[in-house]
Amino acid sequence: MVQVFSRIRAALLVAGCAAVLAGCAGTVAPEVKRLPERVELSGTFYRGEANQSGPQVLASLLSQQGIVITPGLLEKPLHLPGAEDKLQQNLQNLAREYGMVVYPLDSNLPALLTQVAAGYPVMVRFSEGSAFWAEPRYAILSGYDRNKQKVLLRAGMNRRELMSFSSFESALEKSGGWAVLIQKPSQIPAAIDRQRWLKAADELAQAGQENEAAQARKALAAH
């Protein structure tokens, strides 16, 4: 009888441990489950120190669009060093000056991975550091592995920085949940929000890029 109770207790312990492990693994949103299992985008990447992440990421994305540029050439128009507190807005303004549509994304993981699965790298701002000291950093979300629940970032000195889904979402949220696509006017994002794209086209026109803005509107009409 003692042996029977011991076996039952052991079975319950095993089942309990399995349940805990399953809970720790987390769940993947249904929208993510419908995406390809694994994606890794190629593209230009400029390494740099953490405090150079803004021009580094923008230069990488502009280079992927066929623009000949380096991070160093962007520092002066971004007013660096000195205007770090305005960097997020200055990055968007400068991308428009190069004729790119700056298309804002919802900061939830399914929305971001949907663009990556469609072949579009995402510019994100995330919080890097400890609970006692952290600073915002910019990176390119360029891939993910759905089964391992990892995202792939190109950030700082690291071309392939892996981060868990949960850690990435937390780091993104702590830094304001900001994520955008830097697109040619002819590149329509996946799951397009038409009003959001038209607003982005209007902002492009306001930056003096009327022809590119017209192209963006025409591409949406043909979509």
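Refer to the preceding data block for the structure.
Fair warning: this is a prediction, and the values are worked out from it, not measured in the lab.

A.B. asks: Explain the overall build of the chain to me, please; I cannot follow it from the model alone.
C.D. replies: Tallying secondary structure elements over the chain gives nine helices and seven strands in all. Classification of the 223 residues of the chain by burial places 44% in the buried group. Partitioning the intrachain contacts of the chain with sequence separation of at least 6 by distance along the chain shows that 62% fall at a separation of at least 24. Surface exposure of the chain reaches about 12100 Å², of which carbon and sulfur atoms provide 54%.

A.B. asks: It is not clear to me how helix α3 (residues 53–64) should be interpreted in this structure. Could you clarify?
C.D. replies: Working note: α-helix, 3.6 residues per turn, so residues spaced by three or four point in the same direction. The first and last C-alpha atoms of α3 sit 17 Å apart over twelve residues, in line with the 16 Å expected at 1.5 Å per residue. Three or more residues of α3 are buried, namely S53, G54, P55, Q56, V57, L58, A59, S60, L61, L62 and S63. Where α3 is buried, its residues contact α4 (71–75), α5 (87–97), β3 (122–129), β4 (134–145), β5 (150–155) and β7 (179–183). Positive phi shows up at G66, right after α3, with a value of about 90 degrees.

A.B. asks: I'm lost on the pattern of salt bridges in this one. Help?
C.D. replies: Opposite charge on two side chains permits them to pair, given that their charged atoms come into close proximity. Taken as a whole, this structure holds ten salt bridges when the rule is applied. With a closest N to O distance of 2.9 Å, R160 and E40 form a salt bridge. Placement of the pair is R160 in strand β6 (residues 158–164) and E40 in strand β1 (residues 38–40), with a sequence separation of 120 residues. With a relative accessible area of 38%, E40 lands in the partly exposed category. The partner of R137 in a salt bridge is E128, and the shortest N-O contact between them spans 3.5 Å. Salt bridges sharing common partners tie together R38, E40, D145 and R160.

A.B. asks: Looking at this model, I keep getting lost on helix α9 (residues 210–222). Mind explaining?
C.D. replies: With 13 residues, α9 extends 18 Å from end C-alpha to end C-alpha; this agrees with the ideal 18 Å at 1.5 Å per step. Packed against the buried residues of α9 are β2 (101–104) and α8 (194–206).

A.B. asks: Explain the side chain of S53 to me, please; I cannot follow it from the model alone.
C.D. replies: Along the chain, the position of S53 falls in helix α3. A distance of 3.1 Å separates a polar side-chain atom of S53 from the backbone nitrogen of Y138. When neighbours within four sequence positions are excluded, S53 is seen to be in contact with R137 and Y138.

Each value, and the rule that gives it
- Residues numbered from 1 in each chain as written.
- Predicted model: local features only at pLDDT ≥ 70, side-chain atom pairs only at ≥ 80, totals over all residues.
- Heavy atoms only, no water.
- Helix = DSSP H or I, 4+ residues; strand = E, 2+ residues; numbered from the N terminus.
- Buried < 20%, exposed > 50% of the residue type's maximum accessible area, 1.4 Å probe, protein only.
- Contact = heavy atoms within 4.5 Å.
- Areas by Shrake-Rupley, 256 points an atom, 1.4 Å probe, with all protein chains shown as cover.
- Expected span 1.5 Å × (residues − 1).
- Salt bridge = Lys/Arg side-chain N within 4 Å of Asp/Glu carboxyl O.
- Polar contact = N/O pair within 3.5 Å; in protein donor to acceptor, adjacent residues only side chain to side chain.

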